[in-house]
Amino acid sequence: MKNKHVNAVVIGAGAGGGVAAKELAFAGLSVVLFERGGWATYNDHDDDELISQRITVLGNAFGPDDIRHPRVAVNSDGSTQVLRASQGEYSNNAACVGSGTVSYGAMGWRFMEKDFKMKSTYGHVEGSTLDDWPITYHDLEPYYEKAEWEIGVSGKSGANPFEAPRKKEYPMPPFAYNKSANLLADAAIKLGLHPFPIPMLRNSVSYDGRPACYRMRSCVGFACPVNAKNGTHNTVIPRAIATGNCELRTNCQVAEIIIDEKGRATGVKYFDENNRGRIQKADIVIVAGAAIETARLLLNSKSNLFPDGAGNNNDWVGRNLQGHAYTGAFGLMNYDVYDDVGPGATLALSDFNHYNPGIVGGGVLCNEFTPMPYHFSKIRPPGAKRWGAEHKDFQRNQFKKLIQLIGPFQEIPNFESRVTVDTGIKDYWGIPVARLSGTRHNYDLTGCKFMSERAEEILKAAGAVYTWQSVGGRGRSGGQHQSGTARMGNDPKTSVTNRYGQVHDIDNLFIADGSLHVTNGGFNPVLTIMALGYWVSDYIIKNWNGSKFR
Amino acid sequence: MRTNRREFLYHLSLSCGSILLIPACAGNDSEWRFFSNEEARIIIAFAEQIIPSDNDPGATEANVVNFIDKQLTGPYARHRNEYRLGISGIVSSSEAVYNKYFCDLDRDTQRDFMEQMESGKLPEEFWKEINQRTFFNMLLDHSMQGFYGSPRHGGNKNYASYKMMKLDYPHVIGQNRYVSKCATEKLRDT
Ligand SMILES: Cc1cc2nc3c(=O)[nH]c(=O)nc-3n(C[C@H](O)[C@H](O)[C@H](O)COP(=O)(O)OP(=O)(O)OC[C@H]3O[C@@H](n4cnc5c(N)ncnc54)[C@H](O)[C@@H]3O)c2cc1C
């Protein structure tokens, strides 16, 4: 049976795609929202640490599966390896309705003004593609606000003196500090720093007909058993469907965007839930498959006018793959700080996001999520026993004494950290898979060292009797915070889309996910991606004349 | 090493079903899904060194070997060959260095042996097909998973490790239901 032509196809029911589908459906467009995964619930894997979205030794709890979705990585020596989806190097986020927003830690950050102006703030960094965004924080501010209110963030305006100006208070009050946050707050204040509660995409009070968070220790990596964590799966996507204008098609793998001889997108080829190849025609195509899969899809969409993939005539698709180098320090107190007030991360310090002498950028530091027992078995000071009586003793006696301060360092983008497609390796449906190559910019290690030193100082000031640094910043980028592979920009020669996420030279093809990021901020990225979902959709709606685009 | 008769019987009864399902694995007289009885003994001894019993249960009581055995017929089927090669590496190295079967070494000697293996110091001739450190790290990691992971996968019996770490389970304050059916009775298919 042939599919009915619709106004818009959205590929990927994650952070950006979920928002876009809702906005377009509310504006009266007929929408088909494609998702390669299905609906996920807490009961699928409950709080099973070994199959979560954080520890994936027995598989990805929220997709994709290990069998049908391989990727290829190019090692530093030039050799390649085929990766399973649950391997760390795979750089997974998720594949289900809501994607990472089902199982995320739910930190809901706005970037800072300078995060949109990295090049004018810091100048050129050798070997990097560091640049300014074509939009400013102030362009995005109303859309951040919309994301905070429609999806739901708990926080306190003004609590962070470094936050960018905001017009409206958060919709819910902030979460109370747990014990380690209280200790760190006191220490930080003594050091002249400015601690504040992390804004969270979780309900501190009941909101939108769903209950308040009851502060389980397991949260990040898991779905919420009481539906108090706010993702696109329990907010914008159900609302989009409720309009009657949006059809969600789960377990459908989109293979290609069809581009006609005039250079317009006419729809997509996809494999439906029974693995049958099908076509969905549309007036507008919006790609929101997350940075790696979005790049892969564009690169796999070859046409006469775009022989190297949609929007790739200048070879920028798949470039500048970024994520976040996680860095910080661990400490041990000589008394219990664990108070079972989950999920652990409540306090942040934004003192080191910018203005660090001699450092380009920086990042936020947080008191981090409670590690689960197996994860904790790997958290040890350098030189500590990895097994045996001593290891077990540490596990038993130090778990509740652990104090952490960790955060994402803003990576310096580089052209060679990239996604291409591997024509040799195909997925279950015969589609060439994503191939990851390059590494982080050398600079990231410098920045991470700086951050970890600051973190360790603060832990010491909080009374930790033993501390050690955990320094990130090496190796390949990407991961759960993947971004940057279809950068927005004013110059078509050095970007993939214009400032509205519209692919250069293909007027009815848009990107609405983390791929658009020019730089990735020193914060977890999801609220910015949601805001971009609103921003891109707003432009589409304003330029839609009721039956035709433009 | 402690052995528990009830556990033994449990494995026996379980073996019937699993042998039918996976005839190629364990051999007909094995009480395990993948391991032969002898292989299992070696893994049990090894895991007990990784997480030894003290005031709290160790790997044996928490049924870590059951976790590994179960995973080797599931997601870890890809590691079967490494286990076969690694176990025979352990047996041959122990015979060569101590002139004894690994399971018959006393505890301290077992530990010395494992420390050598961890730092790659066992005679290389027995580790041509699999790197001794690679196998050590794999066994270390799988043992930790079996001890500290969710009981639904066949290890961490009765939430032994959660209890040890004084982590309430389930996470409803004031309630502890540490007894898990999964580990002791019918295994949940994953
Ligand atoms: C455990 C975990 C913790 C996290 N914690 C935080 C946090 O605290 N704060 C924060 O800001 N961020 C966090 N994140 C990251 C956050 O989830 C991502 O940044 C965000 O979801 C990315 O948005 P996106 O729209 O770019 O892509 P996604 O949300 O990943 O959406 C992409 C969707 O597209 C689908 N898709 C891709 N290709 C195709 C195709 N060809 N056909 C059909 N469907 C396709 C995918 O299956 C997926 O569902 C976390 C993520 C995880 C996994």
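Here is a short report on the structure shown in this document. (Residues numbered from 1 in each chain as written. Chains lettered and ligands numbered in written order. Predicted model: local features only at pLDDT ≥ 70, side-chain atom pairs only at ≥ 80, totals over all residues. Heavy atoms only, no water.)

## A word on the overall build of chain B
Definition in use: Starting at the N terminus, helices and strands are each numbered in turn, a helix being any DSSP run of H or I of at least four residues and a strand any DSSP run of E of at least two. Methods summary: accessible areas were calculated by the Shrake-Rupley approach with a probe of 1.4 Å, and residue burial reflects only the protein chains presented.
Looking only at helices and strands, chain B has eight helices and zero strands in total. The linear arrangement of helices and strands in chain B, starting from the amino end, is α-α-α-α-α-α-α-α. Taken as a whole, chain B presents about 8700 Å² of accessible surface, with 50% of it coming from carbon and sulfur.

## A word on the overall build of chain A
What counts, and what does not: Our radius of gyration looks at C-alpha atoms and nothing else; its globule reference is 2.2 Å times the residue count to the power 0.38. Each residue is placed in one exposure class: buried if its accessible area under a 1.4 Å probe, protein chains only, is under 20% of its type's maximum, exposed if it is over 50%, and partly exposed if it falls in between. Contacts were defined at the residue level, with two residues in contact if any of their heavy atoms lie within 4.5 Å. The convention is simple: Lys and Arg are positive, Asp and Glu are negative, and His and the chain ends are not counted. Every charge is mapped onto a representative atom, which is NZ of Lys, CZ of Arg, CG of Asp or CD of Glu.
For chain A, the helix and strand inventory stands at 12 helices and 17 strands. Against the globule reference of 24 Å for 550 residues, chain A gives a C-alpha radius of gyration of 22 Å, in line with a compact fold. Considering chain A as a whole, with its 550 residues, one finds that 66% of them fall into the buried category. Pairs at least 24 apart in sequence give 73% of the contacts found in chain A among residues at least 6 apart. Counting only carbon and sulfur atoms, one obtains 50% of the accessible surface of chain A, whose full area is about 18600 Å². Averaging the positions of the 58 positive and the 55 negative side-chain charges in chain A gives two centres separated by 1 Å.

## Quick word on the pattern of salt bridges
Residue and element names in this part refer to chain A. The criterion, for reference: Put simply, a salt bridge is a Lys or Arg side-chain nitrogen that is within 4 Å of an Asp or Glu carboxyl oxygen.
This model, assessed by the stated rule, comprises 46 salt bridges over all chains. Between Lys401 and Asp336 there is a salt bridge; the shortest N-O distance is 3.7 Å. Remark: Asp336 occurs in the loop between strand 10 (324-332) and strand 11 (347-349) and Lys401 occurs in the loop between helix 10 (388-398) and strand 13 (402-410); sequence separation between them is 65 residues. One salt bridge in this structure joins Arg396 and Asp393, with 2.6 Å as the shortest N-O distance. Residue Arg396 and its partner Asp393 are located together in helix 10, separated by three residues, close to a single helical turn. Arg396 sits in the buried class, given a relative accessible area of 17%. Relative accessible area serves as the criterion here: at 34%, Asp393 is assigned to the partly exposed category. What you see here is one network of salt bridges that share partners, running through Arg110, Glu141, Glu148, Arg166 and Lys167.

## Side note on unusual backbone geometry
Residues and elements named next belong to chain A. The amide bond that connects Gly63 to the next residue, Pro64, takes the cis arrangement and shows omega of -5°. In this model, Gly342 is joined to Pro343 through a cis peptide bond whose omega is -10°. Along the chain, Pro343 falls in the loop between strand 10 and strand 11.

## Things to note about the interface of chain A and chain B
Our working definition: Two parts placed together each lose some accessible area under a 1.4 Å probe, and adding up what both lose gives the buried area. Each polar contact in these results corresponds to two N or O atoms within 3.5 Å; when the atoms are within protein, one needs to be able to donate a hydrogen and the other to accept it, and residues that are neighboring in sequence are counted only if both atoms are side-chain atoms.
On the chain B side, the residues contacting the 34 residues of chain A number 39 residues. In this assembly, chain A packs against chain B so that about 3100 Å² is buried in total across both faces, 55% of it on carbon and sulfur atoms. Taken together, the links from chain A to chain B amount to eight salt bridges. For the salt bridge of Lys392 of chain A with Asp54 of chain B, the shortest nitrogen-to-oxygen distance reads 2.8 Å. Across the contact surface, chain A and chain B share 20 residue pairs in polar contact (both at pLDDT 80 or more).

## Observations concerning the packing of helix 4 (residues 80-98) of chain B against helix 5 (residues 107-118) of chain B
Residues and elements named next belong to chain B. Spelled out, the test is: Between N-to-C directions, angles cover 0 to 180 degrees, with each direction set by a line fitted to C-alpha atoms, over the stretch in contact for helices. Roughly parallel covers angles under 35 degrees, roughly antiparallel covers those over 145, roughly perpendicular covers 65 to 115, and oblique covers all other angles. Rotating anticlockwise by less than a right angle from the far helix to the near helix defines a left-handed crossing, while the corresponding clockwise rotation defines a right-handed one. Residue type decides the class: Asp, Glu, Lys and Arg count as charged, Ala, Val, Leu, Ile, Met, Phe, Trp, Tyr, Cys and Pro as nonpolar, and the leftover types, Gly among them, as polar.
Where helix 4 contacts helix 5, the axes come no closer than 12 Å and their chain directions differ by 115°. Between helix 4 and helix 5, the interaxial angle falls into the category roughly perpendicular. Handedness of the crossing formed by helix 4 with helix 5: right-handed. Touching Ile90, Ser93, Ser94 and Tyr98 of helix 4 are Thr109, Asp112, Phe113, Gln116 and Met117, all from helix 5. For the contact of helix 4 with helix 5, the per-class residue count stands at four nonpolar, four polar and one charged.

## Here's the deal with the site of the ligand
All names here are of chain A. So the rule is basically this: In this text, near means that some heavy atom of the residue lies within 4 Å of the molecule or strand in question.
As a structural note, the neighbourhood of the ligand is formed by 38 residues, with Glu35, Arg36, Asn93, Ser99 and Val526 the closest of them. At 2.9 Å from an oxygen atom of the ligand is found a main-chain nitrogen or oxygen belonging to Met107. Residue Val254 places a main-chain N or O atom 3.0 Å away from a nitrogen atom belonging to the ligand. Across the complex, the protein chains shield 98% of the 1000 Å² of accessible surface that the ligand would expose by itself. Broken down by secondary-structure element, the contributors of at least two residues to the shell around the ligand are helix 1 (15-26), helix 3 (100-103), strand 7 (253-259) and helix 12 (526-542). Considering each element in turn, the shell around the ligand owes the most residues, three residues, to helix 3. Looking at side-chain class alone, the shell around the ligand contains 17 nonpolar, 17 polar and four charged residues.

## Structural notes on helix 5 of chain B
Residue and element names in this part refer to chain B. Under the convention used in this document: Helix span, expected: 1.5 Å multiplied by one less than the number of residues in the helix.
Relative to the 16 Å expected for 12 residues at 1.5 Å per residue, helix 5 spans 16 Å between its end C-alpha atoms, a close match to the ideal helical length. Residues Thr109, Gln110, Phe113, Met114, Met117 and Glu118 constitute the buried set of helix 5. Those residues of helix 5 that are buried lie in contact with helix 2 (37-50), helix 4 and helix 6 (132-148). Downstream of helix 5 by a residue or two, Gly120 has a phi angle that is positive, lying close to 70°.

## With respect to the sheet that holds strand 4 (residues 80-83) of chain A
All names here are of chain A. Stated formally: Paired strands, as defined in this entry, are two strands with at least two bridges between them according to DSSP.
One open sheet accounts for four strands, arranged 4-3-15-14; its pairing is mixed. Since the sheet does not close on itself, it has two edges, and those belong to strand 4 and strand 14 (418-426), each with one partner. Direction aside, the axes of adjacent strands within the sheet are offset by 35° on average. Judged from the six bridges that link them, strand 14 and strand 15 (residues 432-437) form a sheet pairing that is antiparallel. Bridge assignment links Lys426 to a residue of strand 15, and that residue is Pro432. Against the sheet, helix 8 (residues 291-299) touches strand 3 (71-74), strand 14 and strand 15, its axis set at about 65° to strand 14.

## Some remarks on empty space enclosed by the protein
All names here are of chain A. For the record, the criterion: Definitions used throughout: a 1 Å grid over protein atoms alone; a cavity as a set of points that fits a 1.4 Å probe which cannot get out; a pocket as an open set with protein on both sides within 12 Å along at least five of seven lines; a lining residue as one with an atom within 4 Å of a point. Grid points are joined across faces, edges and corners, and a volume is the space filled by probe spheres set on the points.
Counted by the stated rule, this structure contains seven cavities of 30 Å³ or more. Computed from the structure, the largest cavity encloses a volume of approximately 200 Å³. As for the largest cavity, its lining consists of 19 residues, of which Ser180, Tyr338, Thr370, Leu402 and Gln404 are closest to the centre. At the level of secondary structure, the elements contributing two or more residues to the lining of the largest cavity comprise helix 6 (179-190) and strand 13. A per-element tally of the lining of the largest cavity places strand 13 first, with three residues. A class-by-class count of the residues in the lining of the largest cavity yields eight nonpolar, six polar and five charged.

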